[in-house]
Amino acid sequence: MKHFWKILLPLVLVILFPLQTFAAVNAAGGISVDVLDTVADFPTRVQVEGAAPHSALALFVENPAGSVFQISVPADEHGNGSREIPSENIRKSGTYFVRQDDSSVRSTFQVFPGEMSPEKSRILADRTNVSANGVDFATVEVRIQDEYENPLPFHEVRFVSSRGGDQITARSNETDEHGQISFVVSSSEPGTAYLTATDETVAEVLPERLAIRFGYDRFGYARMAQANSIGGDPILLAQAVSL
């Protein structure tokens, strides 16, 4: 399946993002550098014009996290050349900057996130013990990410409980630019709720489930516990557990 997307995605990018490349020309040397946009873990290509004939142009590429790697582009007798940037160097989504020895920006290109990964997506809660009074609540955050933990915005997420009486309210309609969407969870029913998230945009269920216990103390008042256990194993605050 991944090999299929390696063929299809570049075509999709050309249609949806008609080669949104950015080239900067050095007024003194007349060197231009173009780089095609791509998808995380897919290679792209650097095109160089105006370099010295039969030279090797050293370029420094900075990823969105600030890490820098170097590539060398060989030029032909006309001063033109190209070089592939390997997929392993462009796994983080965002804007990449291409510089030469003088540190001036020669080009930028965009790396878009890849396919949604159920295993790399996350469910996090600010607490896993809540008073069963219908008023107290936990805030749960679902993070939709690709296999390299790049955030996926504009994904619709459905969040459901294993019990029918729990109240779950979404704070937005889709994930934000950080791939996150938040839910408020409350209940008037004592016991443990197991919550599951589904990315409705790609019809994928996250394998992790979150356990939240709603409880009362021995006097009948809603309690505010700070630790919990299910089957003898502790569940820490803000920890999503796989069941």
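For the structure itself, look to the data block above.
Summary of the structure given here.

Parameters at a glance
Residues numbered from 1 in each chain as written. Predicted model: local features only at pLDDT ≥ 70, side-chain atom pairs only at ≥ 80, totals over all residues. Heavy atoms only, no water. Pairing = 2+ DSSP bridges. Helix = DSSP H or I, 4+ residues; strand = E, 2+ residues; numbered from the N terminus. Axes fitted to C-alpha atoms, helices over the stretch in contact; angles between N-to-C directions. Buried < 20%, exposed > 50% of the residue type's maximum accessible area, 1.4 Å probe, protein only. Core = buried A, V, L, I, M, F, W, Y, C linked by side-chain atoms within 4.5 Å. Contact = heavy atoms within 4.5 Å. Salt bridge = Lys/Arg side-chain N within 4 Å of Asp/Glu carboxyl O.

In this section: the sheet that holds strand 17 (residues 204–215). Spatially, the 4 strands line up as an open sheet ordered 11-17-16-13, and their pairing is mixed. Of all strands in the sheet, those with a lone pairing partner are strand 11 (129–131) and strand 13 (157–161), marking the two edges. For this sheet, the mean angle separating the axes of adjacent strands, direction not counted, is 30°. Alignment of strand 16 (residues 191–199) against strand 17, held across 8 bridges, turns out to be antiparallel. Following the sheet pairing, T198 is matched in strand 17 by V205.

This brings us to the pairing of strand 16. A large share of strand 16 lies buried, amounting to 7 of its 9 residues. One ladder, built from 5 bridges, connects strand 13 with strand 16; its direction is antiparallel. Bridged to S161 within strand 16 is L195.

What follows covers the nonpolar core. Counting residues in each nonpolar core, the largest one holds 22 residues, and the members touching the most others are V140, V142, F159 and I212. Those elements that place two or more of their residues in this core are strand 10 (122–125), strand 12 (138–143), strand 13, strand 15 (180–186), strand 16 and strand 17. With 4 residues, the single largest contributor to this core is strand 17. Apart from residues no more than four positions distant in its own chain, F159 is found in contact with I123, V140, V142, I168, F183, V185, L195, T196 and A197. Listed in part, the 20 residues of the second largest apolar core include V33, V73, I90 and Y96.

On to the pattern of salt bridges. By the definition in use, this model includes 7 salt bridges. Notably, a salt bridge pairs E62 with R99, separated by 2.7 Å at the nearest N-O pair. Of the two residues, E62 is situated in strand 5 (residues 56–62) and R99 in strand 8 (residues 94–99); the sequence distance between them amounts to 37 residues. Between D136 and R127 there is a salt bridge; the shortest N-O distance is 2.8 Å. Classification of R127 by relative accessible area gives buried; the value is 16%. One salt-bridge network, held together by shared partners, links R163, D166 and E189.

Any functional reading would require information that these geometric values do not contain.
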